[in-house]
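Structural description and commentary
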Amino acid sequence: MKFVDGRCVTRRYSSPGGFDVLVSSQSRLYAFGDLPFPHRAPSRTSDRLTVVDVLGLGPRQRVGVIELKVLQLLDNQVVEIQGASMELKCFEVCDSTGQTALSVWDRLISTVQLGQCYTFCSLTTRKDGSRTVLTTTPSTLVTATTGVGQPSSLRQVTVVAEEIVCGPATAVKIVAKPRCPRCHAGQDQLDVKCSTHRCESNICSMLQRTPAYLVTYSGVLIVAPRDVNERSMALTNSAVMGFVKEFCVACNVHDGPALEETIMALPELVVSVNAEGLVVHFAPAMAMADCSLGDIPDAEEASTSYLLED
Ligand SMILES: [Zn+2]
């Protein structure tokens, strides 16, 4: 290749020890036959990186393939993007070379579990202060793997505190917003009793089976703990999805009112809520540790303790 009107800079964003070529709309690119200097053919594994490689990158760099172990949930948020609510979970992650953070967006959240290892394809980098962190993109693919190591000593991280609230639900609202599995357009007219539905996007307009449509949940849960005022909390998509997967395997995922009835019928709920009032997890009381002792569920205890190991 021959570049005309490109600029070489030594900012070394994409490869520590190398340099970047910046191109503008004026730059032109030509194919070139024999190169008049010694060169190396690109390696087929060149887009597979480790955490230490990532920490050496600048922002907005693509990370083709990386294997990561998910250590701990750092934060759970719902943000507005172009008028739509998107959920985001931030995890501390590592491999044997180091640790960083990974933001997991929207539909991918339910595929990631604490303590498990995954191969992520097509991530991108961001800067969080001086640290380079990772984020998923709309084209990210996640597959489970095993045997991703961790550094000999893990750095302790600040985790957004969670509180456990126990009691019966006094009111609940669950909005199940269907989305097309092909074009991801939101659907307003989907009838849960019809076996098929035509995508409402004019560009897509495919007729598909109703259960194939994806669903994004939002809503409000009000719980009345014993001897204290009732608490109103916002339901996240991942919290409702987790509840449906664990406790409503047979129910219709698009039927928000049926889910509301299921929750109201439970004698007591155990709810993990973060400082922003977002429900991170909820379950029927009998499925959890005895909450009258104020215990934190086992999974969270395990995830915090190993970060303290040396
Ligand atoms: Zn569609």
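All values reported here derive from a predicted model rather than from experimental measurement. (Residues numbered from 1 in each chain as written. Predicted model: local features only at pLDDT ≥ 70, side-chain atom pairs only at ≥ 80, totals over all residues.)

1. Description of the overall build of the chain
Regarding its fold elements, the chain presents four helices and 18 strands. Considering only contacts within the chain whose residues lie at least 6 apart along the sequence, 60% involve residues at least 24 apart. (Helix = DSSP H or I, 4+ residues; strand = E, 2+ residues; numbered from the N terminus. Contact = placed C-beta atoms within 7 Å.)

2. With respect to the sheet that holds strand S12 (residues 169–179)
As a general point, the strands of a sheet are linked pairwise by backbone hydrogen bonds and lie either parallel or antiparallel. Taken in spatial order, the six strands line up as S11-S17-S18-S16-S15-S12 in an open sheet, and their pairing is mixed. Among the strands making up the open sheet, the edge pair consists of strand S11 (162–167) and S12. Taking the axes of each pair of neighbouring strands and ignoring which way they run, one obtains an average angle of 30° across the sheet. By the bridge criterion, six bridges tie S11 to strand S17 (residues 269–274) in an arrangement that is antiparallel. (Pairing = 2+ DSSP bridges. Axes fitted to C-alpha atoms, helices over the stretch in contact; angles between N-to-C directions.)

3. Details of the pairing of strand S6 (residues 62–81)
When a strand is regular, its side chains alternate between the sheet's two faces. Of the strand pairs in this sheet, strand S5 (residues 48–49) and S6 are connected by two bridges, and their pairing is parallel. Bridge pairing in S6 links leucine 49 to isoleucine 66. Summarising the sheet, S6 and strand S7 (residues 84–95) pair through 11 bridges and their orientation is antiparallel. Bridging across to S7, aspartate 75 finds its partner in cysteine 90. Hairpin connection from S6 to S7: two residues lie between these consecutive antiparallel strands, with glutamine 82 at a positive phi of about 50°.

4. Re the environment of lysine 173
Positionally, lysine 173 belongs in strand S12. Put simply, lysine 173 and valine 220 are 47 residues apart on the chain and 5.2 Å apart in space, counted from C-alpha to C-alpha. Once residues within four sequence positions are removed from consideration, lysine 173 is found in contact with Gly219 and Val220.

5. Considerations on the confidence of the model for the chain
The predicted model of the chain has a mean per-residue pLDDT of 85, with 81% of residues at 70 or higher. Ignoring residues within four places in sequence, the model shows residues 292–310, a span with pLDDT below 50, making 22 contacts including any to other chains. (pLDDT = per-residue confidence, 0-100.)

6. What to know about unusual backbone geometry
For aspartate 106, which is not glycine, the phi dihedral falls at a positive 55°. Considering the arrangement of structural elements, one finds aspartate 106 in the loop between strand S8 (98–105) and strand S9 (117–128). Take aspartate 106: there are 20 C-beta atoms within 10 Å of it, and that puts it in the buried class. Even without being a glycine, histidine 184 presents a positive backbone phi close to 65°. By secondary structure assignment, the location of histidine 184 is in the loop between S12 and strand S13 (196–198). Exposure remark for histidine 184: the 15 C-beta atoms within 10 Å place this residue in the partly exposed category. (Buried ≥ 20, exposed ≤ 12 C-beta atoms within 10 Å, placed from the backbone.)

7. Some thoughts on helix H3 (residues 256–264)
Taken together, the buried positions of H3 are Gly256, Leu259 and Ile263. Relative to the axis of H3, the buried residues are bounded by an arc of 60° and lie together on one face. In H3, the exposed positions that point more than 90 degrees away from the buried face belong to Pro257, Glu261 and Met264. Structurally, H3 contributes buried residues whose contacts are with S12 and helix H2 (237–247). (Arc of directions from axis to C-beta.)

8. Here's the deal with the nonpolar core
The biggest cluster of nonpolar side chains holds 29 residues, and the ones touching the most others in it are Leu221, Val271, Val279 and Phe282. At the level of secondary structure, the elements contributing two or more residues to this core comprise S12, strand S15 (214–223), strand S16 (231–235), H2, H3, S17 and strand S18 (278–284). Formed by 23 residues, the second largest nonpolar core is a distinct cluster that contains Val93, Val112, Tyr118 and Phe120. (Core = buried A, V, L, I, M, F, W, Y, C linked by C-beta atoms within 7 Å.)

9. What about the environment of leucine 190?
By the secondary structure assignment, leucine 190 is in the loop between S12 and S13. Here the alpha-carbon distance between leucine 190 and arginine 179, two residues 11 residues apart in the chain, equals 9.4 Å. Apart from residues lying up to four places away in sequence, leucine 190 is in contact with Pro178, His197, Thr210, Tyr213 and His254.

10. Comments concerning H2
Within H2, the full set of buried residues consists of Asn237, Ser238, Ala239, Val240, Phe243 and Val244. Among the structural elements, S7, S12, S15, S16, H3 and S18 are those in contact with the buried residues of H2.

11. Details of the pairing of strand S10 (residues 131–145)
Direction of pairing for S8 relative to S10: parallel, over a ladder of two bridges. Paired with leucine 102 across the strands is leucine 134, a residue of S10. The sheet contact formed by S9 and S10 spans 11 bridges and is antiparallel. Its bridge partner lying in S10, threonine 125 is registered against leucine 134. Counting the residues between successive antiparallel strands, the hairpin from S9 to S10 contains two residues, one of them, glycine 129, with a positive phi of roughly 65°.

12. Quick look at the environment of valine 215
For valine 215, the position within the fold is in strand S15. Residues valine 215 and valine 253 lie 38 residues apart in sequence; the distance between their C-alpha atoms is 7.4 Å.

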